[in-house]
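Summary of the model geometry
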Amino acid sequence: MGGPAYDCLTNPSGAVRFSFANALSSGYDPASSHGKDWGVVDLFRHYFSDESAISQVPILDSSSIKWVQPNTLVRFRGMIQDMLGNEFYAGAYKDDATWRTNKYSDVSQFPTGSSSDMQVWERRLLYCVPVPGQNQWTECSSAELKNRFLELTGQNREKRVRVDEEMTDSMDSNTLEAGLNGSPFKKLKAEEATSSASESQVPRTDGAPQRSVLPPATSAESLPCLVKVYDSPESDLKLNEVVEFLGVLTFDPNTMMDMDSPDDNTDAFSEAESVQMPSGKVPRLHCLIHRKLETQHFLHGSPLLTELKSPQMFREIRDSLMKYLTGLLGNDHIAAELLLLHLLSKVHGRVDNVAVGKLSLNLTHLNKESMSIFGTQLRNALKSLLPFTQSIPLTIEYLNTASLGPKKDYGTNRLVPGVLQVADGTHLILDETELQPGTLNSVGVENANLLKNLLECQKVEYDFQYYKMEMATDAQMLIFSEGKSNIMPADMVVPFQPSQVNPMQVITPETAQAWRCYLATCKSLSHSIGQELQQVLENDLVAARQTDRSLGSQDLSRLLTMARMMSVSYGEATLSLEHWQMVLELERLRKERLN
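Parameters at a glance
Residues numbered from 1 in each chain as written. Predicted model: local features only at pLDDT ≥ 70, side-chain atom pairs only at ≥ 80, totals over all residues. Heavy atoms only, no water. Helix = DSSP H or I, 4+ residues; strand = E, 2+ residues; numbered from the N terminus. Buried < 20%, exposed > 50% of the residue type's maximum accessible area, 1.4 Å probe, protein only. Areas by Shrake-Rupley, 256 points an atom, 1.4 Å probe, with all protein chains shown as cover. Axes fitted to C-alpha atoms, helices over the stretch in contact; angles between N-to-C directions. Parallel < 35°, antiparallel > 145°, perpendicular 65-115°, else oblique. Left-handed = near helix turned anticlockwise from the far one by under 90°. Contact = heavy atoms within 4.5 Å. Pairing = 2+ DSSP bridges. Patch = residues over 30% accessible without salt bridge, like charges linked within 9 Å, V, L, I, M, F, W, Y side chains within 5 Å. Salt bridge = Lys/Arg side-chain N within 4 Å of Asp/Glu carboxyl O. Core = buried A, V, L, I, M, F, W, Y, C linked by side-chain atoms within 4.5 Å. Domains from an automatic or database assignment. Phe/Tyr/Trp six-rings, centres within 6.5 Å; stacked < 30°, edge-to-face > 60°. Lys NZ or Arg CZ within 6 Å of the ring centre and 35° of its normal. Expected span 1.5 Å × (residues − 1). Arc of directions from axis to C-beta.

An unreviewed UniProt entry annotates the protein as Mini-chromosome maintenance complex-binding protein of Eruca vesicaria subsp. sativa.

Our focus in this paragraph is the overall build of the protein. When helices and strands are tallied, the protein shows 18 helices and 17 strands. Out of the 595 residues in the protein, the part that is buried amounts to 52%. Just so you have it, the protein exposes about 27,100 Å², and 49% of that area is on carbon and sulfur atoms.

Moving on, we get to the packing of helix 10 (residues 311-328) against helix 11 (residues 333-343). Two elements in contact, helix 10 and helix 11, have axes whose closest approach is 9 Å; the angle formed by their N-to-C orientations is 125°. Classed by the angle they form, the pair helix 10 and helix 11 counts as oblique. As helix 10 runs across helix 11, the sense of the crossing is right-handed. Side by side, helix 10 and helix 11 meet where Arg 318, Leu 321, Met 322, Leu 325 and Thr 326 of the first sit next to His 333, Ala 336, Glu 337, Leu 339 and Leu 340 of the second.

What follows is about the environment of Tyr 398. Residue position: Tyr 398 is located in helix 13 (residues 396-401). Placed 37 residues apart in sequence, Tyr 398 and Leu 435 show a C-alpha to C-alpha distance of 9.8 Å. Those residues in contact with Tyr 398, other than ones at most four positions away along the chain, are Ile 392, Pro 393, Leu 404 and Val 419.

To continue, consider the sheet that holds strand 9 (residues 361-364). If you trace the 5 strands from one edge of the open sheet to the other, you get 10-13-16-9-17, paired in parallel fashion. Edge positions in the open sheet fall to strand 10 (389-393) and strand 17 (492-495), since each of these has one partner strand only. For this sheet, the mean inter-axis angle between neighbouring strands, taken without regard to orientation, is 20°.

This part covers a nonpolar patch on the surface. Taken together, the side chains of Tyr 410, Tyr 466, Tyr 467 and Met 469 present a nonpolar region at the surface, about 450 Å² in accessible area. By secondary structure assignment, the location of Tyr 466 is in the loop between strand 14 (459-463) and strand 15 (468-472). Taking relative accessible area as the criterion, Tyr 466 reaches 68% and is therefore assigned exposed.

This part takes up the pairing of strand 6 (residues 284-292). Burial runs high along strand 6: 7 of the 9 residues are buried. When strand 4 (residues 225-229) meets strand 6, the two strands line up parallel, connected through 4 bridges. Its bridge partner being in strand 6, Val 227 is matched across the sheet by Leu 285. Looking at chain direction, strand 5 (residues 242-250) and strand 6 are connected through 8 bridges and run antiparallel. Directly across from Glu 244, in strand 6, lies its bridge partner Arg 291.

Here the focus is the nonpolar core. Ranked by internal contacts, the top residues of the largest apolar core, which has 54 residues, are Leu 321, Leu 478, Tyr 518 and Met 562. Composition of this core by domain shows at least three residues from each of domain 2 (304-508) and domain 3 (525-595). Once residues within four sequence positions are removed from consideration, Leu 478 is found in contact with Leu 339, His 342, Leu 361, Leu 363, Leu 378, Leu 382, His 427, Leu 428, Ile 429 and Leu 430. One finds Leu 223, Ala 402, Leu 404 and Met 488 within the second-largest nonpolar core, a separate group that totals 44 residues.

Right, let's get into the side chain of Arg 590. If you trace the backbone, Arg 590 turns up in helix 18 (residues 577-594). Other than its neighbours up to four places away in sequence, Arg 590 contacts Leu 338, Met 492, Val 493, Val 494 and Arg 558.

With the rule as written, the count across this model stands at 20 salt bridges. With its nearest N and O atoms 3.0 Å apart, the salt bridge here joins Arg 318 to Glu 337. Note that Arg 318 is positioned in helix 10 and Glu 337 in helix 11, a separation of 19 residues in sequence. Classification of Arg 318 by relative accessible area gives buried; the value is 2%. On the accessibility criterion, Glu 337 (9% relative accessible area) is buried. With its nearest N and O atoms 3.5 Å apart, the salt bridge here joins Arg 558 to Asp 555. Remark: Asp 555 and Arg 558 occur in helix 17 (residues 553-569); sequence separation between them is 3 residues, near one turn of the helix. Residue class for Arg 558 comes out buried when judged on its relative accessible area of 7%. In the salt-bridge network here, residues are joined through shared partners; they are Glu 51, Arg 75, Arg 77, Glu 244 and Arg 291.

Attention now goes to the packing of aromatic side chains. In the structure shown here, the tally under the stated rule is 14 aromatic pairs. With 5.5 Å between their ring centres and 50° between their planes, Tyr 47 and Phe 48 make a pair best called tilted. No difference in accessibility class separates Tyr 47 from Phe 48, as the two residues are buried. Look at Tyr 410 and Tyr 466: their rings are 5.4 Å apart centre to centre, the planes differ by 45°, and that puts the pair in the tilted class. With Tyr 410 in the loop between strand 11 (407-409) and strand 12 (414-416) and Tyr 466 in the loop between strand 14 and strand 15, the pair connects residues that are 56 residues apart, well separated along the chain. In this structure, Arg 123 is placed above the aromatic ring of Tyr 89, and the distance from its NZ or CZ to the ring centre is 4.1 Å. Directly above the aromatic system of Tyr 410 lies the positively charged group of Lys 408, at a separation of 5.9 Å from the ring centroid.

In this model, helix 18 (18 residues) spans 26 Å end to end at C-alpha, consistent with the 26 Å of a helix rising 1.5 Å per residue. Every buried residue of helix 18 is listed here: His 579, Trp 580, Val 583, Leu 586, Glu 587, Arg 590 and Arg 593. Viewed end-on, helix 18 has its buried residues packed into an arc of 140°, placing them on one side of the element.

This part takes up the pairing of strand 16 (residues 476-480). Here strand 16 lies mainly inside the structure; 5 of its 5 residues are buried. Alternating positions in strand 16 separate into two faces, Gln 476, Leu 478 and Phe 480 on one and Met 477 and Ile 479 on the other, with burial throughout. Note that strand 13 (residues 427-431) and strand 16 share 5 bridges and pair parallel. If you follow Asp 431 over to strand 16, its bridge partner there is Phe 480.

Glancing now at the packing of helix 16 (residues 531-547) against helix 18. Between helix 16 and helix 18, whose axes approach to 11 Å, the crossing angle comes to 15°. By the angle class used here, helix 16 and helix 18 are roughly parallel. In this structure, helix 16 meets helix 18 at a crossing whose hand is right-handed. Counted together, Leu 533, Val 536, Leu 537, Asp 540 and Leu 541 of helix 16 and Leu 577, Trp 580 and Leu 584 of helix 18 form the full contact between these two elements.

Here helix 10 spans 25 Å end to end across 18 residues, near enough to the 26 Å set by a 1.5 Å rise per residue. The complete set of buried residues in helix 10 reads Phe 314, Ile 317, Arg 318, Leu 321, Met 322, Tyr 324, Leu 325, Thr 326 and Leu 328. Where helix 10 is buried, its residues meet helix 11, helix 12 (368-385), helix 15 (509-524) and helix 17. Phi turns positive one or two residues past the end of helix 10, at Gly 330, with a value near 65°.

Right, here's the structure in full:
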């Protein structure tokens with residue numbers, strides 16, 4: 001990694017302009033480039049090529065927004081909730097005979113009486129929110145990041161004083177290239193950090209729509225972010241993806257909301273239609289580089305991610321997690337085994353309208369009393385193990401009033417989120433134990449159909465008023481009910497049979513982290529069925545169908561999915577005869593309970 005990280009961290013705009021000047025001296029022509037990257041992306045990718053470097057950059061959230069400074073480098077981790085199209089901005093202009101750039105900044109600066117030399121470029125707008133249902137353990141320590149950031153910025157201020165005394169006005173075109181092996185930013189000027197207040201006096205020319213309002217956020221305390229993306233193909237970033245954006249933060253600190261003392265008379269997410277998204281309420285992030293996030297990225301560099309390789313380690317961690325889950329479920333070992341397979345499931349392919357790999361679970365024989373014990377404990381346990389979890393009460397009142405599906409509001413030109421607009425990998429608990437007799441209205445019927453479609457096809461219907469569109473998703477669904485759920489026909493149904501109520505087990509942070517790493521690693525494993533075992537599976541499936549004529553193709557597909565999950569739960573990438581037989585026995589025991 002070249003140079004001290006605080007050079008980029010506190011003065012990214014300086015890095016952009018410095019590299020722009022070097023690109024000009026190497027023949028870069030803003031008039032014909034259409035705003036294409038001149039080396040900034042590679043520079044920042046090289047600078048932040050490993051986790052230790054990325055970890056130095058503060059994460060933007062409702063806590064850190066109080067102390068991070070405008071025009072510094074931040075990370076925003078969130079879900080793309082809406083795609084707002086493109087905007088135009090004055091990307092480059094000539095100041096006398098010298099080209100300047102406004103790329104990666106909010107304000108378009110250019111001389112009065114601009115000539116035809118001003119270049120209008122384009123960038124994409126993404127409205128991002130914290131991932132719905134994101135659990136607290138996934139978040140970095142804000143206090144630790146703050147101390148690290150303030151220490152680095154303090155060092156950088158001292159360094160800049162020394163650097164300014166040594167700087168020359170000339171910029172050698174080879175300096176940047178050489179800097180990749182040394183320090184590329186020793187010549188950055190301190191004056192790059194312009195204040196947000198002074199920028200706000202410059203008139204906008206970016207062509208942003210004049211009529212827009214704030215889409216609703218996921219909760220009162222969540223901080224949304226308007227991400228401006230450059231040099232990235234449209235196909236690279238999609239709706240509902242979880243992404244980490246690293247870029248230049250711009251916002252007006254004078255109008256920033258007080259997260260601790262919200263004004264009861266001000267709803268930040270229901271502004272008048274004529275009001276744009278104010279930068280004091282929705283900070284802007286000008287994206288330099290980005291990466292899509294998997295569960296592993298939320299484990300904060302746990303050494304187990306690299307150490308968890310041997311079958312022995314997988315077995316040991318599996319045994320300890322199974323013991324914990326069995327205890328939570330009142331020593332119901334069968335329910336615990338099925339729950340583990342369910343937690344490891346993910347959609348890994350689609351054939352026509354079939355989501356291959358999904359494995360929903362319905363625990364029956366639960367009522368209000370048993371839910372208050374086992375349901376509550378299990379819900380809390382899953383929150384501590386999985387990155388994104390949500391609970392949905394399946395009651396008549398909820399179904400008749402909830403907004404489950406996202407809808408397009410053409411009055412504000414915004415996608416209004418629904419409960420089911422979730423990131424891939426989200427775990428949903430659906431509690432049917434409080435469902436009472438009643439009548440579903442039209443909204444209730446629509447919501448019930450949305451849930452059933454999500455369960456069966458792993459798709460959510462988005463309402464664009466003039467047409468509807470199904471969006472593929474990947475959500476694990478666990479249903480609690482007294483009898484077999486009619487609303488939610490799960491892949492696996494098992495009557496819950498606890499034998500006792502166990503005291504809550506105290507879990508150390510190290511053990512919890514080991515289980516999280518185990519679950520994330522198992523889900524990421526590739527899997528195959530060896531040639532020698534394929535004939536065995538075929539014979540067993542034919543025999544099973546001859547024994548039970550009610551078995552359909554979906555049942556046979558479910559058995560293969562269970563076999564895949566059983567295999568990866570032991571860290572195995574290839575199905576073995578032992579694990580296939582374990583699945584057949586587990587299925588036999590499950591069916592015994594149903595009869």
